[in-house]
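The chain contents come next:
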Amino acid sequence: MRRASWLLVLVSLVLANACSGGSGGGGIGALGLPDMTPTEIVAPIATPPPTLAPSPAPIPAAELPIIDLHFHPDPAWGGEALDRLFDQLNVRAGGNGAAGADAVAISEAAKHPGRIIPFSGGQTVRTLIDRYGSRVWTLEAEEARRYLEELETSLRDELYKGIGEVHVNNWNSNIIGSPRYRYPADSALVQQLFELASTHDVPLSVHMDGEPDSVAQMERLLAGNRDGLLIWAHTGHYADPATLRRLLEAHPNLYCELSYRTAISAGRRAPAMDDNGRLRPEWLALLEAFPDRFVIGTDIGFASPPAYAAHIATWRGILLQLSPETAVKLAYLNAERLVKVSP
Ligand SMILES: [Zn+2]
């Protein structure tokens, strides 16, 4: 190596002399080699290490802001009372379809700017199906087609941040007190809703029990429009982690919302956590394997600040069990990306 270095030095000196056109008396041509030791030549110039700005410390999971993507706006929560509740619990925003007509979602969003995220379509689609049956999901009913036109206008006017919650299969999950629906997740109606969602860059929230036939229909819907983003409300209620892993791998446009999968929700069938609030190992592994694909939801059916606070406390307990990177994504980053709300 040392011999090679010296050869390089000699060649460099020859070239340097030639290029400068010089013929100085001290040049190599005159054999006036300078007395240079290898250390003088090869000593590297010390480069200072790059100075990196210290990265901000991560916010502890217990203090992360939360976006709740299964919150049905309802005037019964109150005006300032809702803002105070969200402030106390550090819930930055909540949203989905209103508990009532779409107009309720719009007016609540206007009363709570940036805090209520209005979705469209949940109640309207249910009412249409109650009235016209299967002719709604086949789009044979003129009323259904007219609704889609109205929805398109509202989306063009950016009145809504999402579509849903659309109940395509709540047969096993809403047993008491709610009407039950079961129609294909890839029916003409849902395909059109998904198309509208992707055209206007908003997600479609679908309540669909994790039954094999429904799952197969949902897979066809997802594969048919990769630009569409689907939020699977309640993560299918009882879809198991192995199925979810397969679906999340196969469908990059599938997102899972986790209300009714925690131990606090009444009527849960396969919670991700045990009765002591610990995430089951297969769920912890799933959330860490797909940290960008899950969002938080509460889905409280009636306005109850104590019940809401208990749900958020449950969620904070779950966030504490996740890595800081995954916790911040579940708390609000994934939701923020899906519904385009700014910090
Ligand atoms: Zn639901």
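All residue numbers here refer to positions counted from 1 along the written sequence of the relevant chain. For this predicted model, a pLDDT threshold of at least 70 governs which residues receive local features, and a threshold of 80 or more governs which side-chain atom pairs are given and counted, while totals over whole chains, interfaces and linings are taken from all residues.

**A few points about helix α12 (residues 305-319)**
Note that an α-helix has 3.6 residues per turn; residues three or four places apart therefore point the same way.
Right, on to step 1. Put simply, DSSP marks the helices as runs of H or I at least four residues long and the strands as runs of E at least two long, and each gets a number from the N terminus on. Here, expected helix span is obtained from the residue count minus one, scaled by 1.5 Å. The first and last C-alpha atoms of α12 sit 21 Å apart over 15 residues, in line with the 21 Å expected at 1.5 Å per residue.
Right, on to step 2. Working definition of a contact: two residues with C-beta atoms, positioned from the backbone, lying within 7 Å. The inward-facing, buried residues of α12 abut β1 (66-68), α3 (80-89), β2 (91-96) and α13 (324-339).

**Observations concerning the confidence of the model for the chain**
Right, on to step 1. Confidence per residue, as judged by the predictor, is encoded in pLDDT with a range of 0 to 100. On average, the chain scores 85 in pLDDT, and the residues at 70 or more come to 83%.
Right, on to step 2. Within the model, the stretch residues 1-45 combines pLDDT values under 50 with 17 contacts to residues more than four positions away or in other chains.

**A word on unusual backbone geometry**
Right, on to step 1. Residue Glu 165 is reached from Gly 164 by a cis peptide bond, and omega for that bond is 0 degrees.
Right, on to step 2. Within the element layout of this structure, Glu 165 appears in strand β4 (residues 162-169).
Right, on to step 3. Residues other than glycine seldom take positive phi values, yet Asp 201 does so here, at roughly 60 degrees.
Right, on to step 4. By secondary structure assignment, the location of Asp 201 is in the loop between α8 (188-199) and β5 (204-208).

**Observations regarding the sheet that holds β1**
By definition, the strands of a sheet pair up through backbone hydrogen bonds, in either a parallel or an antiparallel sense.
Right, on to step 1. Criterion used throughout: strands pair if DSSP finds at least two bridges between them. As summarised here, the arrangement of the eight strands in space is β1-β2-β3-β4-β5-β6-β7-β8, forming an open sheet in which the pairing is parallel. Across the chains shown, the open sheet's two edge strands, defined by having one partner strand only, are β1 and β8 (294-295).
Right, on to step 2. The pairing of β1 with β2 spans three bridges and is classified as parallel. Bridging across to β2, Ile 67 finds its partner in Ala 93.
Right, on to step 3. Running at roughly 160 degrees to β4, α8 makes contact with β3 (116-121), β4 and β5 of the sheet. The axes used here are C-alpha line fits, helices contributing only the stretch in contact, and every angle between their N-to-C directions lies in the interval 0 to 180 degrees.

**Looking at the pairing of β2**
Right, on to step 1. Exposure in this text rests on C-beta crowding, where 20 or more other C-beta atoms within 10 Å of a residue's own make it buried, 12 or fewer make it exposed, and counts in between make it partly exposed. The C-beta atoms are placed from the backbone. In terms of burial, β2 is a largely internal element, six of the six residues being buried.
Right, on to step 2. Here is how to tell: hold the view so the strands point away, follow the path from the first strand over the helix to the second, and if it runs clockwise the crossover is right-handed. The parallel pair β1 and β2 is bridged by α3, and the resulting crossover is right-handed.
Right, on to step 3. For β2 and β3, the ladder comprises three bridges, and the chain directions are parallel. Opposite Gly 95, over in β3, you have Ile 117 as the bridge partner.

**Overview of the pairing of β3**
Right, on to step 1. With six of six residues buried, β3 lies mostly within the body of the structure.
Right, on to step 2. Of the strand pairs in this sheet, β3 and β4 are connected by three bridges, and their pairing is parallel. The partner of Phe 119 across the bridge, within β4, is Gly 162.

**Some remarks on α13**
Right, on to step 1. Given a rise of 1.5 Å per residue, 16 residues ought to cover 22 Å, and the 22 Å separating the end C-alpha atoms of α13 matches this to within 8%.
Right, on to step 2. Considering bend angle alone, the principal kink of α13 is centred on Leu 330 and spans about 55 degrees.
Right, on to step 3. Taken together, the buried positions of α13 are Thr 326, Ala 327, Lys 329, Leu 330, Ala 331, Tyr 332, Leu 333, Asn 334, Ala 335, Leu 338 and Val 339. Axes are fitted to the seven residues ending at a residue and to the seven starting at it; the angle between these axes is taken as the bend at that residue.

**Side note on the environment of Glu 80**
Right, on to step 1. By secondary structure assignment, the location of Glu 80 is in helix α3.
Right, on to step 2. Owing to 10 C-beta atoms within 10 Å, Glu 80 belongs among the exposed residues under this scheme.
Right, on to step 3. Remark: the alpha-carbon pair of Glu 80 and His 112, spanning 32 residues in sequence, is separated by 8.7 Å.

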